[in-house]
Amino acid sequence: MSRSTSRRIGGQGLWVWPPVAFVLVLVVVPLVYIALFSVGLRSNIPGTKTAFDLSNWKDFLFGENNPFRNLFWHSLLITVLVSVAVTIAAYPLAYFLSFVARKNRYTLLLLVLAPFFTSFLLRVIAWQIILNENGVVNSFLWWAHLRPQGDSVTWLIYSNFSVALVLFYSWIPFVALPMFVVMENMDRRLLEAAEDLGASRFTSFLKVTLPLSIPGIIAGFVFVLIPTTGEFITPLLVGGPESQLFGNQIQSFFSDSPDWNYGSVLAMTLILLVLILMLVFGRFLSADLRRPAAEVS
Amino acid sequence: MTGRLGSSLLWIYFVLMVAFLFLPLAVLVLFAFNSGTTPTLPIQGFTTKWFTDAFSNTDLTSALLRSAAIGVLASVVATALGIMAAIGLNAKRVPGEPVAIGALLLPLVVPYISLAVGMLILLQALHFKNALWEIALGHAVIALPFALLVILPRLRSLDGSLNEAARDLGASDFAAFRLVTFPLLLPALLSSFIICFSTSFDEFAIASFLYPSGQPTYPVFLYGGARSPAILPQLIAIGTLVIAISLLIVGLSELGRRWAERRIEGRTSASVDVSSADTLATT
């Protein structure tokens, strides 16, 4: 090993390529296949003539009252509303941890995060048990004679309410985290300065803390928006026929219907949506691998 | 910076939120030991019957074993690739760095449902039958960014001169890695393994499309079983165990973090706070 230092370091940099190749084969190639399927260049039915064909895309994008396009907008609306609600609910949690619970903040943060480390599927099933027609809430109401036996609150499950509630529940810990990190890195002297200059607590919160935490708020919002755009497990377990999301439609195209070409149009739409969100919001996400850790602290 | 009234209100909000977050977990624990055959109130009585039933249900136990095997394979592959990627990105000059970073983080944002159907049509085009190893590779690729985000900061925090010293003393690149860098990376590799394993163990989308018929993974079995009242209590019992183990690991890693913090205390207490927040951020 008598090569010059710069050579050896260049050689180390090449180690990045086997993992990149792994991602290319297992993620990028499948995405390319989805793209090919969506324009009719490949088909899952043997013997079908394949040719470049945009009719599925035309139907999805411009077809009059296309049900899949309607579902896309409906899903996007639900996920945006849930993301806004989660962001608003998580902000006081992060604020509490960073500004009120100074001493034990990491232990208390862990308490908030702990449920997030347990199985997502199990937590959704637990909600199903709680909200079911003869579930925990309804059987409690019967038991306590607050409602006649057998008369259940119907909107508790298989509704937009139950889907939104479970999504809201699932993402709170994850959204509180980036906000907390931003607040921890905030320069506290600015707050002291504001109060020294006569600002009330509320004013200094409104004029200093809140504006400085905007990057965390946006990061938190995107943290929940991106994964929920493709969500389909929650509606499968606690949603009804009217509260299925776009992800469910993709799933049913590939499990119940032979038309993988049309399904690929929907799968591709979801990928494009996420890529657009990343282009718009990516700079607020802190996974910047180029910046050495030493500069962070 | 917050008045007494504000602090009290925030404390109340925090306690209520934590209660809300733990409610579903508490419900599972409650019904795991309830002798009634359906998870409804009032509670009938105490039993451990569901645990013994669950462990003699071979469909359930073999699904658990399948997921454990897939999880181990996926975590080993993801962690090994994570080490490679971290070493590569740690170099002074990385050819094509932005492309490499973009590719390595891509699995974080691609919706699992799109990835799952993409893998399904690719495998079908290659005339591959559904198989468990395919699920393991799919899980490895979605876990790879987590492995990288855990390993890279640790690798960057290591003192490069240690490695240099080893080479000056005659160690080859590989020997320097094996004898110096690798042991120092071990805590990060352990975290990486745990995070990758739990990602895989809970993954439903890819597994639901790629499992061979009659060989469901644990989440696929769980999903099917959640609709059948006869085995639901057993699933609740096993679910309670799975949750207990996850919480135990979280608790142990917190103890480990505190222990490490106490050891470094005084040296750079401010930067420890930030780096532990980052560690949490990546888990």
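Residues numbered from 1 in each chain as written. Chains lettered and ligands numbered in written order. Predicted model: local features only at pLDDT ≥ 70, side-chain atom pairs only at ≥ 80, totals over all residues.

## Digging into the overall build of chain A
Consideration 1: The number of helices and strands found in chain A is 15 helices and zero strands.
Consideration 2: Here the C-alpha coordinates of chain A stretch approximately 85 × 75 × 40 Å along the principal axes.
Consideration 3: Long-range pairs, those at least 24 residues apart, make up 68% of the contacts in chain A between residues at least 6 apart in sequence. (Helix = DSSP H or I, 4+ residues; strand = E, 2+ residues; numbered from the N terminus. Contact = placed C-beta atoms within 7 Å.)

## Concerning the overall build of chain B
Consideration 1: A count of helices and strands for chain B gives 12 helices and zero strands.
Consideration 2: Put simply, chain B runs from its N terminus to its C terminus through helices and strands in the order α-α-α-α-α-α-α-α-α-α-α-α.
Consideration 3: Expressed as a percentage of contacts within chain B between residues at least 6 apart in sequence, the contacts between residues at least 24 apart total 75%.

## Observations concerning unusual backbone geometry
Consideration 1: Residue Leu 41 of chain B is joined to Pro 42 of chain B through a cis peptide bond whose omega torsion reads -5°.
Consideration 2: Within the fold, Pro 42 of chain B resides in the loop between helix H1 (4-32) and helix H2 (49-56).
Consideration 3: Here the phi dihedral of Asn 65 of chain A falls at roughly 55°; this positive angle occurs in a residue that is not glycine.
Consideration 4: Among the structural elements, Asn 65 of chain A can be located in the loop between helix H3 (55-62) and helix H4 (67-100).
Consideration 5: Accessibility expressed as a C-beta count within 10 Å gives 6 for Asn 65 of chain A, which makes it exposed.
Consideration 6: Positive phi values are uncommon outside glycine, yet His 145 of chain A reaches one of about 55°.
Consideration 7: Checked against the element boundaries, His 145 of chain A lands in the loop between helix H7 (136-143) and helix H8 (160-184). (Buried ≥ 20, exposed ≤ 12 C-beta atoms within 10 Å, placed from the backbone.)

## Some points on the interface of chain A and chain B
Consideration 1: The interface of chain A with chain B comprises 89 residues on the first partner and 88 residues on the second.
Consideration 2: No other element matches helix H2 (residues 17-38) of chain A, which puts 14 residues into the side of chain A that touches chain B.
Consideration 3: Residue composition of the side of chain A that touches chain B, by class: 67 nonpolar, 17 polar and five charged. (Nonpolar A, V, L, I, M, F, W, Y, C, P; charged D, E, K, R; others polar.)

## Observations concerning the domain arrangement of chain B
Residues and elements named next belong to chain B.
Consideration 1: Here chain B is partitioned into domain 1 (27-57 + 231-283) and domain 2 (58-210).
Consideration 2: Distance from the C-alpha centre of domain 1 to the C-alpha centre of domain 2: 24 Å.
Consideration 3: Every contact between the two is made by 10 residues of domain 1 and, on the other side, 12 residues of domain 2.
Consideration 4: Residue contributions to the side of domain 1 that touches domain 2 peak at four residues, all from helix H11 (residues 232-264).
Consideration 5: Its residues placed into classes, the side of domain 1 that touches domain 2 shows four nonpolar, five polar and one charged. (Domains from an automatic or database assignment.)

## Some details on the nonpolar core
Consideration 1: In terms of nonpolar packing, the biggest core is built from 163 residues, with Val 23 and Ala 176 of chain A together with Leu 104, Ala 116, Val 117, Leu 144 and Ile 206 of chain B touching the most fellow members.
Consideration 2: A total of 16 residues in this core trace back to one element, the largest contributor, which is helix H6 (residues 132-157) of chain B.
Consideration 3: When residues of this core are sorted by domain, at least three fall in each of domain 1 (27-57 + 231-283) and domain 2 (58-210) of chain B.
Consideration 4: In this view, Ile 206 of chain B contacts Tyr 112, Leu 115, Ala 116, Met 119, Ile 135, Gly 138 and His 139 of chain B; residues no more than four positions away in its chain are not counted. (Core = buried A, V, L, I, M, F, W, Y, C linked by C-beta atoms within 7 Å.)

## Remarks on the packing of H3 of chain A against helix H14 (residues 260-281) of chain A
All names here are of chain A.
Consideration 1: Look at H3 against H14: their axes get within 9 Å of each other, and the N-to-C directions meet at 50°. In this view, H3 runs oblique relative to H14, as classed from their interaxial angle. The hand of the H3/H14 crossing is right-handed. Every residue of H14 that contacts H3 at Asn 56, Trp 57 and Phe 60 is listed here: Asn 261, Tyr 262 and Val 265.
Consideration 2: Looking at the contact of H3 with H14 residue by residue, the classes come out as four nonpolar, two polar and no charged. (Axes fitted to C-alpha atoms, helices over the stretch in contact; angles between N-to-C directions. Parallel < 35°, antiparallel > 145°, perpendicular 65-115°, else oblique. Left-handed = near helix turned anticlockwise from the far one by under 90°.)

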